[in-house]
Amino acid sequence: MKKILVDMSATIIHHGHIRLLKQASKFGKVIVALTKDKEIKKTKGYKPELSFKERKEILESIVYVSSVIP
């Protein structure tokens, strides 16, 4: 089975994220490359409301996601 890498920060999980992950899962096993808090602060200019650990936990609970990596 193919591995599909989806890069996201997921600072606020919304329907667009779910649609993206659902579509990606049609092509193979979905691995989310989740942006770390430090990088979000550097590139977007704000600290995310949910920590990396919390965002990772949420993404791992989504049926379309096989694994989450930094």
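Everything below is about the structure printed above this text.
Please read all numbers here as calculations on a predicted model, not as lab measurements.

A. Representation of the pattern of salt bridges in the model. Per the stated rule, a full pass over the model turns up two salt bridges. Here Arg55 makes a salt bridge to Asp37, at a shortest N to O gap of 2.6 Å. Placement of the pair is Arg55 in helix α3 (residues 52-60) and Asp37 in helix α2 (residues 37-44), with a sequence separation of 18 residues. The class of Arg55 is buried, set by a relative accessible area of 0%. What makes Asp37 partly exposed here is its relative accessible area of 26%. The closest approach of N and O atoms between Lys56 and Glu60, which form a salt bridge, is 2.6 Å. Placement of both Lys56 and Glu60 in helix α3 is noted, with a separation of four residues, approximately one turn of the helix. Look at Lys56 and you get partly exposed, because its relative accessible area is 25%. Note on Glu60: relative accessible area 43%, which makes it partly exposed.

B. View of the sheet that holds strand β3 (residues 65-69). With respect to topology, three strands assemble into an open sheet ordered β1-β2-β3, the strand pairing being parallel. Looking at the sheet topology across the chains shown, the edges are occupied by β1 (3-8) and β3. Pairs of neighbouring strands in the sheet enclose a mean axial angle of 25°, with direction left out of account. With six bridges connecting them, β1 and strand β2 (residues 29-34) associate as parallel partners.

C. Quick peek at the nonpolar core. Counting residues in hydrophobic clusters, the biggest one holds 13 residues, and the most contacted among them are Met8, Leu21, Val32, Leu34 and Leu59. Of all the secondary structure elements, the ones that give two or more residues to this core are β1, α1 (15-25), β2, α3 and β3. With three residues, the top contributor of residues to this core is β2.

D. Structural detail: the side chain of Thr11. Inspection of the secondary structure puts Thr11 in the loop between β1 and α1. Residue class for Thr11 comes out buried when judged on its relative accessible area of 14%. A polar contact of 3.4 Å, which involves the side chain of Thr11, links it to the side chain of Tyr46.

Quick notes on the rules
- Residues numbered from 1 in each chain as written.
- Predicted model: local features only at pLDDT ≥ 70, side-chain atom pairs only at ≥ 80, totals over all residues.
- Heavy atoms only, no water.
- Salt bridge = Lys/Arg side-chain N within 4 Å of Asp/Glu carboxyl O.
- Helix = DSSP H or I, 4+ residues; strand = E, 2+ residues; numbered from the N terminus.
- Buried < 20%, exposed > 50% of the residue type's maximum accessible area, 1.4 Å probe, protein only.
- Pairing = 2+ DSSP bridges.
- Axes fitted to C-alpha atoms, helices over the stretch in contact; angles between N-to-C directions.
- Core = buried A, V, L, I, M, F, W, Y, C linked by side-chain atoms within 4.5 Å.
- Polar contact = N/O pair within 3.5 Å; in protein donor to acceptor, adjacent residues only side chain to side chain.

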